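Tertiary structure, described
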Amino acid sequence: MAKAEVLSCSKFYVEIDGLTDLIVKKISGISIELQTAEDHNPIDVTGKSAIQATVTGVSNGTVTVEYVSTVQDDRLIKWYTDSHSQPTTGGGTTNKGVLKTGSIILYNQAGEEAARWNLKGIMPKTYKSSQLEAGTTELATETVELVFHSIRRIK
């Protein structure tokens, strides 16, 4: 049995430069994959089996963050729009390629920070709003899929 407190998935937050006061509903996709050059067959001829796997790079996943929409707050769609060239007019991006940094934080039952992943080079890959439907009981949401240069768990 674990000697330390087991963390719950229900106490978390996302901090991104300039977007630290948004209401986060859900986070998914925290992942890193080491890319390897490998051979599953023995490669030694001296009678001893040797199998080689060499790290050749790192592949980051994408992190998807679902936010609860609030009145008169268009920062997420503005960030997405400013980060991408306009398909009809072309040219550069409004934010001139500036990328953000941020953190995903998981809290323990006492409300203290228990785990932290720091992300560098963040840019919104996709933006979508929730489906609008008469009579629904769901909250309006905005979902942003983030790409990034690096993610590192520091705590």
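See the structure printed just above.
First things first, this report covers the structure right here in the doc. (Residues numbered from 1 in each chain as written. Predicted model: local features only at pLDDT ≥ 70, side-chain atom pairs only at ≥ 80, totals over all residues. Heavy atoms only, no water.)

Looking at the overall build of the protein
Just so we agree on the cut-off: The helix and strand labels rest on DSSP assignments: H or I over at least four residues marks a helix, E over at least two residues marks a strand, and numbering proceeds from the N terminus. Note on exposure labels: buried denotes an accessible area under 20% of the residue type's maximum, exposed denotes more than 50%, and partly exposed covers the range between, all computed with a 1.4 Å probe on protein chains only. Residue contacts follow a heavy-atom distance rule, with two residues in contact if any of their heavy atoms lie within 4.5 Å. Note that accessible areas follow from Shrake-Rupley with a 1.4 Å probe, and for residues the cover is restricted to the protein chains shown.
For the protein, the count of helices and strands is one helix and nine strands. Ordering the α and β elements of the protein from the N terminus gives β-β-β-β-β-α-β-β-β-β. The buried share among the 155 residues of the protein stands at 26%. Restricting to contacts in the protein with at least 6 residues of sequence separation, those with at least 24 account for 63%. A total accessible area of about 10,500 Å² is found for the protein, and carbon and sulfur atoms account for 54% of it.

Some details on a nonpolar patch on the surface
How we decide: Patch membership is restricted to residues that have no salt bridge and whose relative accessible area is over 30%. Joining uses 9 Å for like charges and 5 Å for the nonpolar side chains Val, Leu, Ile, Met, Phe, Trp and Tyr. Basic side-chain nitrogens of Lys or Arg form a salt bridge, by our definition, when they fall within 4 Å of a carboxyl oxygen of Asp or Glu.
A surface patch of nonpolar side chains, about 380 Å² in accessible area, is lined by Ile32, Leu34, Val55 and Val58. Looking at the nonpolar patch, the elements that each hand over two or more residues are strand 3 (32-39) and strand 4 (52-60). With respect to the helices, strands and loops of the structure, Val55 is situated in strand 4.

Re the pattern of salt bridges
As enumerated under the stated definition, the model contains seven salt bridges in all. The partner of Arg116 in a salt bridge is Glu15, with the nearest N and O atoms 3.9 Å apart. One end of the pair, Arg116, is in strand 7 (residues 113-129); the other, Glu15, is in strand 1 (residues 12-16), and 101 residues separate them in sequence. Of the residues examined, Glu15 reaches a relative accessible area of 30% and is grouped as partly exposed. Salt-bridge contacts for Asp82 lead to Lys78; the nearest nitrogen and oxygen are separated by 3.0 Å. Separated by four residues within a single helix, Asp82 and Lys78 lie in helix 1 (residues 75-83), roughly one turn from each other. Asp82 sits in the buried class, given a relative accessible area of 17%.

Examining the environment of Arg153
The cut-off we apply is this: Pairing of N or O atoms within 3.5 Å defines a polar contact, subject to two protein rules: one partner must be a possible hydrogen donor and the other a possible acceptor, and residues neighboring in sequence count only if both atoms are side-chain atoms.
With respect to the helices and strands, the residue Arg153 is situated in strand 9 (residues 150-153). Residues Arg153 and Arg116 lie 37 residues apart in sequence; the distance between their C-alpha atoms is 5.7 Å. Each residue touching Arg153, except ones within four places of it in the same chain, is listed here: Ala114, Ala115, Arg116 and Trp117. Within polar-contact distance, the side chain of Arg153 engages the backbone oxygen of Lys155 at 2.5 Å.

Side note on the environment of His84
Structurally, His84 is set in the loop between helix 1 and strand 6 (100-107). As for His84 and Lys125, which are separated by 41 residues in sequence, their C-alpha atoms are 8.9 Å apart. The contacts of His84, once residues within four sequence positions are left out, are Thr93, Met123, Pro124 and Lys125.

Function-wise, these values are silent; they only describe arrangement.
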